[in-house]
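Residues per chain, in single letters:
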Amino acid sequence: MVIACTRDCYDTCIFNENYKPLNIFPINGFTCARGRADLIRNEKNRVTTAYIDGKETTIDEAIKYVTKLLKETMKKNPARILRTDYDGNQGLLTWYYPDRIFNVIGASQTDRSICSSEGHAAIRAHYGTSMGALPEDFTKYRAAVFWAFPASTSSPHIWALFVKKPKVSIDVRVSDTARKSDRAIIVRPGTDVYLAIGVIKVLIEEGLVEGKVRHFEELVNYVRGFSLDYLSKVSGVGISDIRWLAEFYHEYKPLTLIGFALGRSQNGGDAIGMISLIPALIGLERGYYYSNSLGWGLDFDYLRGLHMARSSRVIPMAEFGDYIERGEVDIIYAWNENPVVTLPGGDKLIKAVREGRVTLIVHDPYWSETAKLANVVIPAPTFLEKYDVVYSYWHDYLIYNEPIKPPRGIAEVDLVRRLAKELGITHPLLLEDPWDAVDRAIRPAGVTLEELRVRKIVKMKPKYLPTNEPDALPLPNPTEPGELGPNEVRLVFTSHPLYTNTQFREVYGNLEPVVYTHDYEGIVVLESEFGSVRVRAVRDGNVPPGVALIYKSSLIDLDGKPINSITGRIKGKYAGTPMLNGVRVRVKVVGN
Ligand SMILES: Nc1nc2c(c(=O)[nH]1)N[C@H]1C(S)=C(S)[C@@H](COP(=O)(O)OP(=O)(O)OC[C@H]3O[C@@H](n4cnc5c(=O)[nH]c(N)nc54)[C@H](O)[C@@H]3O)O[C@H]1N2
Ligand SMILES: Nc1nc2c(c(=O)[nH]1)N[C@H]1C(S)=C(S)[C@@H](COP(=O)(O)OP(=O)(O)OC[C@H]3O[C@@H](n4cnc5c(=O)[nH]c(N)nc54)[C@H](O)[C@@H]3O)O[C@H]1N2
Ligand code: SF4
Ligand SMILES: [Mo]
């Protein structure tokens, strides 16, 4: 029997029944601080019973109450019910299947664009798929470029494969990954597209192109329109560094690893698209890696029931708070997500719930900020307590996760099927056995449930491999981020080794909201065009002037207000991903 770490993490570690990481490639017998703490975490901060308006109740009562709430709003307008979900657990049953009930009743959904959508769409625009290198391919490369990808923190197993190889880090600050790389290139936030154009320009003009790109002449003309001098000025990367990077590409033929964070920055999709072309130009096939989640062929749409029913309305995550503020939703049902903290405008959700304008229903194993705020809380089992099928957005193992702890609460599929029954819904989507749905969904990836149940881990066969000669060559029309005014910085976020987004604070404690900058010290107010928050500023020589860094696991300010009150209303042009990184912020020191 095996267990998969189901969290939003590239590595998706696989463990044996004693919770020891398997010694198979690419897990290689080790895990991270979170993996080591999971058994302890499982006993802390748990929601153990249901709650209605702060009072303990049974799960049955809570289901009846939620049924009543849903019924009332369904009569009025089902689009005023918004379900919101993200990646607290990557299980096919936990995350995807529950969507069915909301499609059947015609509720609203978010666009789920917060994390990786922008880059998926941008790479697909070039290659027809976003599938990149597989872990086995990684080992064949003699070098790597970590582009906005602090892998030593965000993906310990990817990092491990390159520890002994030449590495370049491209970031807006000197990250741990940058420190451990052979060369760190520091770029201004939101300007990677200019750097990528510069690299392509040098490759072309110095005769270093060895691969084929369709519409190559168009690309040649396009880069001719930019001078290296201009590209250097906008990106903040010296001309000699741009040349050096192009030559490194030419000489080492490195794998390019593109971080999701880039898609959440200004010109993010354009940057990712252009970066993904570089490997093709130097003659590499699938010489990039971004996320392989959409390449296996796993039929997420089938799991969500989109072949039969769809949401009535899609709300961009960038405008999550704005829709709430405008009074466009009455009920929010959240699972597998902590939207109060992680979505733009979470402050507006807090306000609307406190003022009774929105009823919040939360299904979560832990007392997240969103669960604490909710009118109705229903306990969910953790991945250590339920069966599920788990995939990775990096490696190719599909995993049959079996529980090693007795279940607490009610599993996601069971909850939505109970709700469907109470609501009198007899739609075939909710009558289909969830395991049959899983079987249907995994077959396109070359795996059957029967085989998976026997073997526990089975390698998927990628269904959507890229063509290296795509039909389209979408060329960017980027916008310069512009100069900063006095006391202005661009806010960026990064992951912390001890947490996954908002998870693990029950083990490692609450991180103080600290902003790391080159110049400021003491208590500061950060003010953007969307609002302000109060945090502690710490001077950090690894952060250049004009940049401010916050860990994305400390997203609550000194007054209990979400940092996302001040980010993210601007949408990416490929998939609408909120611009969380690079928001212009004024810093005012207010204390020490
Ligand atoms: N330990 C740990 N691992 C995680 C997570 C976690 O919370 N903790 N979260 C997981 C999740 S949800 C995700 S999405 C991934 C994210 O994984 P990554 O995309 O690898 O990284 P982040 O940690 O978000 O860091 C983003 C980096 O981009 C830099 N950056 C910001 N703006 C720009 C820019 O405009 N240009 C460039 N070049 N760099 C920029 C930041 O300084 C930072 O170093 O990690 C996953 N892995
Ligand atoms: N300002 C800013 N905001 C950001 C980011 C940033 O860089 N800066 N990063 C963004 C990114 S990349 C991401 S991916 C999102 C992440 O946003 P979220 O997905 O909201 O982040 P998590 O903290 O992983 O929260 C997931 C919730 O799922 C719950 N959960 C865990 N396991 C289960 C389960 O089995 N069942 C159920 N029902 N619930 C479970 C956890 O307890 C937790 O409350 O945040 C985004 N928000
Ligand atoms: S968080 Fe990532 S590295 Fe850590 S145990 Fe889970 S999958 Fe492995
Ligand atoms: Mo993410």
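A quick note: this is a predicted structure, and the numbers were derived from the prediction, not measured.

**Points about the packing of helix H11 (residues 216–224) against helix H14 (residues 268–281)**
For step 1, the next point in the chain: Relative to each other, H11 and H14 sit at 120°, their axes nearing to 14 Å. With respect to their mutual orientation, H11 and H14 come out oblique. H14 is crossed by H11, and the crossing has left-handed handedness. Judged by residue contacts, Phe216, Leu219 and Tyr222 of H11 engage Met274, Leu277 and Leu281 from H14.
For step 2, the next point in the chain: A per-class count over the contact of H11 with H14 returns 6 nonpolar, no polar and no charged.

**A few points about empty space enclosed by the protein**
For step 1, the next point in the chain: Going through the model one piece at a time under the given rule, you end up with 1 cavity of 30 Å³ or more.
For step 2, the next point in the chain: Considering only enclosed or pocket space, the largest cavity measures out at about 100 Å³ in volume.
For step 3, the next point in the chain: Together, 14 residues line the largest cavity, and Cys5, Cys9, Cys13, Cys32 and Arg34 are the ones closest to its centre.
For step 4, the next point in the chain: Elements represented by at least two residues in the lining of the largest cavity include exactly helix H1 (33–41) and helix H8 (156–162).
For step 5, the next point in the chain: Looking at the lining of the largest cavity, its residues break down into 6 nonpolar, 5 polar and 3 charged.

**Thoughts on the site of ligand 1**
For step 1, the next point in the chain: With respect to spatial proximity, 34 residues lie near ligand 1, and among them Ser154, Asp171, Asp192, Ser495 and Tyr499 are the closest.
For step 2, the next point in the chain: Between ligand 1 and Ser495, the relevant distance is 2.5 Å, taken from an oxygen atom to a side-chain nitrogen or oxygen of the residue.
For step 3, the next point in the chain: Relative to its unbound accessible area of 920 Å², ligand 1 is 99% covered by the protein chains.
For step 4, the next point in the chain: Of all the secondary-structure elements, those providing two or more residues to the shell around ligand 1 are helix H7 (151–154), strand E8 (167–171) and strand E19 (488–494).
For step 5, the next point in the chain: Broken down by element, the residue count for the shell around ligand 1 peaks at 3 residues, all from E19.

**Describing the site of ligand 2**
For step 1, the next point in the chain: Contacts to ligand 2 come from 31 residues, most closely from Thr342, Asp364, Glu412, Thr502 and Asn564.
For step 2, the next point in the chain: Here an oxygen atom of ligand 2 and a side-chain polar atom of Thr342 are 2.8 Å apart.
For step 3, the next point in the chain: The separation between an oxygen atom of ligand 2 and a polar side-chain atom of Lys386 is 2.9 Å.
For step 4, the next point in the chain: For the shell around ligand 2, a count of residues per class yields 10 nonpolar, 13 polar and 8 charged.

**Examining the layout of surface pockets**
The probe, sized like a water molecule, is rolled over the atoms to show the empty space still left.
For step 1, the next point in the chain: Approximately 980 Å³ is the volume attributed to the second largest pocket.
For step 2, the next point in the chain: Residue lining of the second largest pocket: 37 residues in total, with Ser117, Leu294, Phe300, Asp301 and Arg304 positioned closest to the centre.
For step 3, the next point in the chain: Considered class by class, the residues forming the lining of the second largest pocket number 14 nonpolar, 13 polar and 10 charged.
For step 4, the next point in the chain: Counting residues domain by domain, the lining of the second largest pocket receives three or more from each of domain 1 (38–111 + 295–384 + 405–441) and domain 2 (117–285).

**Considerations on the packing of helix H12 (residues 228–235) against helix H13 (residues 239–252)**
For step 1, the next point in the chain: Orientation of H12 relative to H13, taken along the N-to-C sense of each, is 100°, at an axis distance of 9 Å. It follows that H12 is roughly perpendicular to H13 by the angle criterion. Seen from H12, the contacting residues are Leu228, Asp229, Leu231 and Ser232; seen from H13, they are Ile239, Ile242 and Arg243.
For step 2, the next point in the chain: When its residues are assigned to classes, the contact of H12 with H13 shows 4 nonpolar, 1 polar and 2 charged.

**Quick notes on the domain arrangement of the protein chain**
Interface size is commonly expressed as the accessible surface area that is lost when the partners come together.
For step 1, the next point in the chain: Parsing the protein chain into structural domains produces domain 1 (38–111 + 295–384 + 405–441), domain 2 (117–285) and domain 3 (488–591).
For step 2, the next point in the chain: For domain 1 and domain 2, the distance between their C-alpha centres works out to 38 Å.

**A closer look at the sheet that holds strand E24 (residues 583–591)**
For step 1, the next point in the chain: With respect to topology, 6 strands assemble into a closed barrel ordered E19-E23-E20-E22-E21-E24, the strand pairing being mixed. For this sheet, the mean inter-axis angle between neighbouring strands, taken without regard to orientation, is 45°.
For step 2, the next point in the chain: Here E19 pairs with strand E23 (residues 547–551) via 5 bridges, running parallel. Its bridge partner being in E23, Thr494 is matched across the sheet by Tyr551.

**Considerations on the nonpolar core**
For step 1, the next point in the chain: By size, the foremost hydrophobic cluster in this structure holds 176 residues, and its most contacted members are Trp147 and Leu526.
For step 2, the next point in the chain: Here the element with the most residues in this core is helix H10 (residues 192–205); it accounts for 10 residues.
For step 3, the next point in the chain: Ala4, Leu22, Ile27 and Ile457 belong to the second largest nonpolar core, which has 16 residues in total.

**Points about the sheet that holds strand E9 (residues 183–186)**
For step 1, the next point in the chain: Spatial ordering of the open sheet is given by E9-E8-E7-E10-E11, a layout of 5 strands whose pairing is parallel. Looking along the sheet, the strands with just one partner apiece sit at the ends: E9 and strand E11 (288–289).
For step 2, the next point in the chain: Direction of pairing for strand E7 (residues 144–147) relative to E8: parallel, over a ladder of 4 bridges. Directly across from Val145, in E8, lies its bridge partner Val168.
For step 3, the next point in the chain: Against the sheet, H14 engages E7, strand E10 (255–258) and E11, with an angle of about 165° to E10.

Rules of the game
Residues numbered from 1 in each chain as written. Chains lettered and ligands numbered in written order. Predicted model: local features only at pLDDT ≥ 70, side-chain atom pairs only at ≥ 80, totals over all residues. Heavy atoms only, no water. Axes fitted to C-alpha atoms, helices over the stretch in contact; angles between N-to-C directions. Helix = DSSP H or I, 4+ residues; strand = E, 2+ residues; numbered from the N terminus. Parallel < 35°, antiparallel > 145°, perpendicular 65-115°, else oblique. Left-handed = near helix turned anticlockwise from the far one by under 90°. Contact = heavy atoms within 4.5 Å. Nonpolar A, V, L, I, M, F, W, Y, C, P; charged D, E, K, R; others polar. 1 Å grid on protein atoms, 1.4 Å probe; cavity = no way out; pocket = protein on both sides within 12 Å on 5 of 7 lines; lining within 4 Å. Points joined across faces, edges and corners; volume = space filled by probe spheres on them. Near = heavy atom within 4 Å. Polar contact = N/O pair within 3.5 Å; in protein donor to acceptor, adjacent residues only side chain to side chain. Areas by Shrake-Rupley, 256 points an atom, 1.4 Å probe, with all protein chains shown as cover. Domains from an automatic or database assignment. Pairing = 2+ DSSP bridges. Core = buried A, V, L, I, M, F, W, Y, C linked by side-chain atoms within 4.5 Å. Buried < 20%, exposed > 50% of the residue type's maximum accessible area, 1.4 Å probe, protein only.

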